[in-house]
Amino acid sequence: MQKYTTVILAFLIPTKNRPDCLARSLRTVVPAAQAVGAEVVVCDQSPSAFTAVNGVRVLHRPDLNGLPAARNVLLRATTADVVCFLDDDTDLAPDFAVRLHEIAEREPDCTGW
């Protein structure tokens, strides 16, 4: 496996009351993230916190109201150079993080794709 060190990548996932969708998505997100050493951070606004799985940091924030607030919390929770917001029902291709990382390294002056 290639080691990625130049650009740090994070996958940020806001969610509320959708533990089944989130669990299914994480089955594809976590391995993709691990391929490039990216972090996965979830902001869960549900009354009961999502049970964290290996490779995922869960911020339980039922006090927040709405998606913009969750996104702001997620942005403050990471020091990554590049972040990728995902819906809680997103499935990633196995090479998604590798491709995103390659683009970020190839085009360092670009702020979004």
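Enquirer: Please explain the overall build of the chain as it appears in this structure.
Expert: The secondary structure content of the chain amounts to 3 helices and 4 strands. In terms of overall dimensions, the chain has a C-alpha envelope of 40 × 25 × 20 Å along the principal axes. When each of the 113 residues of the chain is scored for burial, the buried share is 40%. Restricting the contact set of the chain to residue pairs at least 6 apart, pairs at least 24 apart contribute 66%.

Enquirer: Explain the pairing of strand β1 (residues 9-15) to me, please; I cannot follow it from the model alone.
Expert: Put simply, side chains in a regular strand alternate between the two faces of the sheet. Most of β1 sits inside the fold, with 7 of its 7 residues counted as buried. With burial as the criterion, each face of β1 is covered, one bearing Leu9, Phe11, Ile13 and Thr15 and the other bearing Ala10, Leu12 and Pro14. Both β1 and strand β2 (residues 39-44) contribute to a ladder of 6 bridges, which runs parallel. In the sheet register, Ala10 faces β2, and the bridge partner there is Glu39. Regarding the hand of the β-α-β motif, the stretch spanning β1, helix α1 (residues 19-34) and β2 is right-handed.

Conventions adopted
- Residues numbered from 1 in each chain as written.
- Predicted model: local features only at pLDDT ≥ 70, side-chain atom pairs only at ≥ 80, totals over all residues.
- Heavy atoms only, no water.
- Helix = DSSP H or I, 4+ residues; strand = E, 2+ residues; numbered from the N terminus.
- Buried < 20%, exposed > 50% of the residue type's maximum accessible area, 1.4 Å probe, protein only.
- Contact = heavy atoms within 4.5 Å.
- Pairing = 2+ DSSP bridges.
- Right-handed = clockwise from strand over helix to strand, strands pointing away.

These results come straight from atomic positions and should not be treated as a statement about function.
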